[in-house]
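# Commentary on secondary and tertiary structure
Letter by letter, the chains look like this.
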Amino acid sequence: MYFGSVRFFKHVIVGVTILLIVIPCVFCAILAVKLNEAEAENKELRTEVADYRVLGHKGEYSAEELFDLYKENLTDKDGFLKLASEYDTSAYNAAAQTEESGEAVPVNAETDSSETTTTSASAAVTTTEGIKAVSIQIDDEEDEEEDPGFETTAAHDPEVVITNVHPAYESLYPDLYAAVPENLVYNADMDYVYLTFDDGPSKYTDSILEYLRIYDLKATFFVVPDGTDECAAKLRKIANAGHTIGIHTATHDYTKIYASVEAYLEDFKIAYDRVYDATGIKCNLFRFPGGSINDFNKEIRSDLIAEMTRRGFVYFDWNVDSSDALGATWTEMYNTVLKQTAAANRAVILMHDYNGGWNTILVLEDIIKALLDDKRGYKLDKLTEYVKPVQF
Ligand SMILES: [Zn+2]
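Being a predicted model, the structure only gives us computed values, none of them experimental.

This paragraph deals with helix H11 (residues 330-343). Given 3.6 residues per helical turn, the α-helix brings residues three or four places apart onto the same face. With 14 residues, H11 ought to run about 20 Å at 1.5 Å a step, and its terminal C-alpha atoms sit 20 Å apart, in line with that. Among the residues making up H11, those that are buried are Trp330, Glu332, Met333, Tyr334, Thr336, Val337 and Thr341.

Confidence in the prediction for the protein chain averages 77 pLDDT; 67% of positions are at 70 or higher. Throughout residues 80-155 the model reports pLDDT below 50, and contacts reaching past four residues in sequence, or to other chains, amount to 123 contacts.

To continue, consider the nonpolar core. Ranked by size, the top nonpolar core spans 67 residues in total, and within it Tyr194, Val223, Ile247, Val275 and Ile349 carry the most contacts. The element that contributes the greatest number of residues to this core is helix H9 (residues 261-279), accounting for 8 residues. Here valine 275 is in contact with Val223, Pro225, Leu235, Ile245, Ile247, Ile281 and Cys283, once residues within four sequence places are set aside.

Packing of helix H7 (residues 229-240) against H9 brings their axes to within 9 Å, and their N-to-C directions diverge by 70°. Put simply, H7 runs roughly perpendicular to H9. For the pair H7 and H9, contact is made by Ala232, Leu235, Arg236 and Ala239 and by Val275, Ala278 and Thr279, respectively. Here the residues of the contact of H7 with H9 are counted per class, giving 5 nonpolar, 1 polar and 1 charged.

This next bit is on the packing of helix H6 (residues 205-214) against helix H12 (residues 358-373). The N-to-C vectors of H6 and H12 enclose an angle of 15°; their axes lie 10 Å apart at closest approach. Between H6 and H12, the angle is such that the two are roughly parallel. Of the two possible hands of crossing, H6 and H12 adopt the one that is right-handed. Facing H6, whose interface residues are Ser207, Ile208 and Tyr211, H12 presents Ile361, Leu364, Glu365 and Ile368. A per-class count over the contact of H6 with H12 returns 5 nonpolar, 1 polar and 1 charged.

Within strand E9 (residues 347-352), 6 of the 6 residues are buried, leaving the element largely enclosed by the surrounding structure. Burial along E9 is two-sided: the residues Ala347, Ile349 and Met351 and Val348, Leu350 and His352 are all buried. Pairing geometry for strand E3 (residues 192-198) and E9, over 6 bridges, is parallel. Bridge pairing in E9 places valine 193 opposite alanine 347. Bridge count for strand E8 (residues 320-321) against E9 is 2 bridges, and the pairing is parallel.

A cis geometry characterises the amide bond from glycine 200 onward to proline 201, with omega recorded as -5°. Even without glycine at this site, aspartate 199 takes up a positive phi of about 80°. In this structure, aspartate 199 sits in the loop between E3 and H6. Phi at histidine 252 is positive, roughly 60°, even though this residue is not glycine. Examined against the element boundaries, histidine 252 turns out to sit in the loop between strand E5 (244-247) and helix H8 (254-257). You can call histidine 252 buried: it has 20 C-beta atoms within 10 Å.

About the criteria used
Residues numbered from 1 in each chain as written. Predicted model: local features only at pLDDT ≥ 70, side-chain atom pairs only at ≥ 80, totals over all residues. Helix = DSSP H or I, 4+ residues; strand = E, 2+ residues; numbered from the N terminus. Expected span 1.5 Å × (residues − 1). Buried ≥ 20, exposed ≤ 12 C-beta atoms within 10 Å, placed from the backbone. pLDDT = per-residue confidence, 0-100. Contact = placed C-beta atoms within 7 Å. Core = buried A, V, L, I, M, F, W, Y, C linked by C-beta atoms within 7 Å. Axes fitted to C-alpha atoms, helices over the stretch in contact; angles between N-to-C directions. Parallel < 35°, antiparallel > 145°, perpendicular 65-115°, else oblique. Nonpolar A, V, L, I, M, F, W, Y, C, P; charged D, E, K, R; others polar. Left-handed = near helix turned anticlockwise from the far one by under 90°. Pairing = 2+ DSSP bridges.

Written out as structure tokens, the structure reads:
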């Protein structure tokens, strides 16, 4: 008889031993190896960054020569080659010249370089009467109470068509409202500097987080969540490190999201839900792809801003543009950021956290160091509802 026999108990003991000791040990060993590999990779990346930073500092190489050096020697060739394909000095120079001339400001520093544009800072205000809904109000007590837009004086006259002056999109996504703090008083200190990273998470998110950790800084990430588990894990990492997460977009497709206010809301809601599902955070802050004034949102701009503001969401543009996503070199990024920060009050610095963003990683630590060492005594912090919005 096997059950109850000495042999049976021996097997039970061996089985339990395997379950309680051997399996956890093997699991720990695998985890340790993985962590070691990741640390080694990080170390290698940091060494390379340091090497190339020295080259940039010395100014011994032209942008093109430095670029070739990166390409030949970089471990992260994929990332750099992607950057290479987007590298377009003419676009950057044109933007810089336009800015210096004071005629217009570069507003579109997004990763989609094919859509890079410049536009006048004084926006034409347009209305889109065409998409405003006209409807007949039937008994809907809840709506009537909250909706002063109805001309309720004629509510009981069956002959009178009651016009809803509110656009139909206002009733979309009834839960999509931001929590606005009561008695909001903005922090008026002009020496605050806000590092902001658009378009993440990316394969460089960990590196950005690492630099922020080393210098004990908080920053802001305007994210493009793709709904994957990997993305959700990175969003949690950003949130757990105490940084601010704001919404950027789900698709980053200018043509699509700026086709109408409804289209924008649909995209925003997807990104908003993905951040909430991953982190439990209900974002109050956001950044429009391409900034609040761009060539793609002309038709809906004023309605869109009014609608997002009505829902309590606060958008931040920027007043310092690193031009990292325009293929700027180390020197260009470093000089531009420091110069524009010095000229700004409450500088909001635009940078990018995207897979082509190797050059951002190259310069980030030096920019942080220079800002911290500046005699003006900059205070680097994250954006919150208590920061007065910087808007175009
Ligand atoms: Zn973007």
